[in-house]
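Residues per chain, in single letters:
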Amino acid sequence: MSSALADLCRYPIVQAPMAGGASGPQLAAAVSEAGGLGFLAAGYKTADGMYEEIKQLRGLTSQPFGVNLFMPQPENADPAAVEVYSHQLAGESTWYETPLGDVLGSTDDGYEAKLAVLLDDPVPVVSFTFGCPSRDVLDALDRAGTFTIVTVTTAEEAQAAQWCGADAVCVQGVEAGGHRSTHRDDPQADGSGIGVLSLITQVRETVQLPVLAAGGLMRGSQIAAVLAAGAEAAQLGTAFLVCPESGANPLHKQALTNPLFVRTDLTRAFSGRPARGLVNRFMREHGPYAPVAYPQVHHLTAGLRKAAAGVGDAQGMALWAGQGHRLARELPAGQLVEVLVSELDAARAALATGGAS
């Protein structure tokens with residue numbers, strides 16, 4: 001790893017920030033204590049809520065950690081399309097006996113307020129999803145001593161991150177669970193994402209920034225593969241989702257290895273933005289009709305998803321998962337880091353032996 005990344009974590013293993021409750025202080029602390037880099041997800045939280053979690057995490061570990069922010073989204077959703085979708089969801093509202101959410105909520109996720117907190121009381125790492133901050137923001141974080149990472153899905157997005165002054169990029173392959181971190185939500189590009197190994201190479205040949213790799217990674221041998229391709233660290237989300245320290249709903253954890261859920265797909269059904277999850281009834285019935293409208297659709301379906309979880313119905317939940325979900329292992333997060341490191345060492349030794357023969 002580069003010297004900057006090596007100062008942040010002993011092993012090239014980063015726990016992905018997973019918004020919605022999975023990536024809380026307990027999970028991040030366990031990963032950081034084990035020698036990886038733990039992350040808090042500030043998405044969908046208030047600035048105060050984010051700061052409370054930072055304080056909790058600092059009470060659990062003295063090791064470096066990161067905080068992930070969502071970039072503000074343009075207000076370009078078609079109100080008529082959102083209205084049509086809300087009518088389509090009327091049956092869900094009746095079934096779960098809960099009203100649809102208010103689509104007029106904020107589209108900036110409290111970005112400025114969260115930045116103010118992170119500049120006033122800096123954390124070791126801040127990463128960004130759904131876009132790239134301005135040079136002024138990245139320069140201010142640099143002056144505060146914070147290492148910055150921009151999540152990208154193309155070489156062009158990586159180039160923009162380099163121009164704006166990011167310290168590193170996290171390349172997100174199409175295999176990754178959860179939301180696609182495209183900087184521009186283009187419906188014409190739906191289903192056309194690039195695999196992580198190809199994307200690493202494209203980005204490495206375009207920018208001179210350190211690269212973290214994300215996308216369906218569940219085993220140490222896969223970490224070895226992305227490191228061999230040119231990444232300096234691997235970011236894993238679904239692999240940590242089933243850990244006891246994860247705040248994910250138990251139904252979500254169980255679904256990852258439940259034979260009932262045989263595949264993942266990208267959908268706009270739950271949020272209005274492409275995201276990879278386990279294919280369930282809600283995704284099948286509503287995905288084809290969901291509009292390009294994030295975070296309006298996220299707000300619209302929030303109550304439905306909560307109600308589905310409340311009655312134990314995984315078929316109505318957003319079961320975000322990467323393509324490697326069936327490889328999930330229900331281990332404590334610190335132990336999982338140790339197992340991944342052991343597998344990584346074994347894979348490297350095998351490659352070295354094969355190369356010498």
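Just so we're clear, the structure is a prediction, and the values are computed from it rather than from any experiment.

Looking at this structure, I do not really get the sheet that holds strand β8 (residues 211-214). What am I missing?
Strand-to-strand pairing in sheets goes through backbone hydrogen bonds, with the strands running parallel or antiparallel. Taking strand neighbours across the sheet as the criterion, the eight strands line up as β1-β9-β8-β6-β5-β4-β3-β2 in an open arrangement whose pairing is parallel. Looking along the sheet, the strands with just one partner apiece sit at the ends: β1 (13-15) and β2 (38-41). Direction aside, neighbouring strands of the sheet carry axes that sit 25 degrees apart on average. One ladder, built from three bridges, connects β1 with strand β9 (residues 233-236); its direction is parallel. What sits directly across from Q15, in β9, is L236. Lying over the sheet, helix α10 (residues 220-229) contacts β1, β8 and β9, oriented at roughly 135 degrees with respect to β9.

Would you mind going over the nonpolar core with me for this structure?
For soluble globular proteins, nonpolar side chains are generally found buried alongside one another. V67, L69, F128, V169, V171, L236 and F240 are the most contacted members of the largest nonpolar core, which has 96 residues in total. Leaving out residues up to four positions away in the same chain, V169 has contacts with I149, V150, V152, A158, A161, V203, L209, P210, V211 and L212. In this structure, L37, V125, I149 and A233 belong to the second largest nonpolar core, which totals 14 residues.

How should the sheet that holds strand β11 (residues 275-278) be read in this particular structure?
What the three strands build is an open sheet, ordered β7-β11-β10; its pairing is antiparallel. Each having just a single partner strand, β7 (178-179) and β10 (264-267) make up the two edges of the open sheet. In the sheet, β10 pairs with β11 via four bridges, with the strands oriented antiparallel. Note that in β11 the partner of T264 across the bridge is L278.

In this structure, what is going on with helix α8 (residues 155-164)? I would like to understand it.
Buried within α8 are the following residues: A155, E157, A158 and A161. Angularly, the buried residues of α8 cover 160 degrees about the axis, an arc narrow enough to put them on a single face. Among the exposed residues of α8, those oriented more than 90 degrees off its buried face are E156 and W163. Structurally, α8 contributes buried residues whose contacts are with β5 (147-152), β6 (168-172) and α9 (196-204). Among the residues trailing α8, G165 stands out with phi positive, at a value near 100 degrees.

So what exactly am I meant to see when it comes to the pairing of β6 here?
In the case of a regular strand, side chains alternate between the two sheet surfaces. Where burial is concerned, most of β6 is hidden: five out of the five residues are buried. Neither face of β6 is open: one carries A168, C170 and Q172, the other V169 and V171, and all of them are buried. A crossover links β5 with its parallel partner β6, the connecting element being α8, and its sense is right-handed. Of the strand pairs in this sheet, β6 and β8 are connected by four bridges, and their pairing is parallel. Of the residues in β8, the one forming a bridge with V169 is V211.

When you look at unusual backbone geometry in this model, what are you seeing that I'm missing?
Note: most residues except glycine have negative phi, and most peptide bonds are trans. Omega for the bond connecting Y294 with P295 falls within 30 degrees of zero, at 5 degrees, which places this linkage in the cis form. Relative to the elements of secondary structure, P295 occurs in the loop between α13 (281-286) and α14 (296-310). Notably, F130 is not glycine yet its phi reads approximately 75 degrees, a positive angle. Examined against the element boundaries, F130 turns out to sit in the loop between β4 (125-129) and α7 (135-143).

What counts, and where the lines are drawn
- Residues numbered from 1 in each chain as written.
- Predicted model: local features only at pLDDT ≥ 70, side-chain atom pairs only at ≥ 80, totals over all residues.
- Heavy atoms only, no water.
- Pairing = 2+ DSSP bridges.
- Helix = DSSP H or I, 4+ residues; strand = E, 2+ residues; numbered from the N terminus.
- Axes fitted to C-alpha atoms, helices over the stretch in contact; angles between N-to-C directions.
- Contact = heavy atoms within 4.5 Å.
- Core = buried A, V, L, I, M, F, W, Y, C linked by side-chain atoms within 4.5 Å.
- Buried < 20%, exposed > 50% of the residue type's maximum accessible area, 1.4 Å probe, protein only.
- Arc of directions from axis to C-beta.
- Right-handed = clockwise from strand over helix to strand, strands pointing away.

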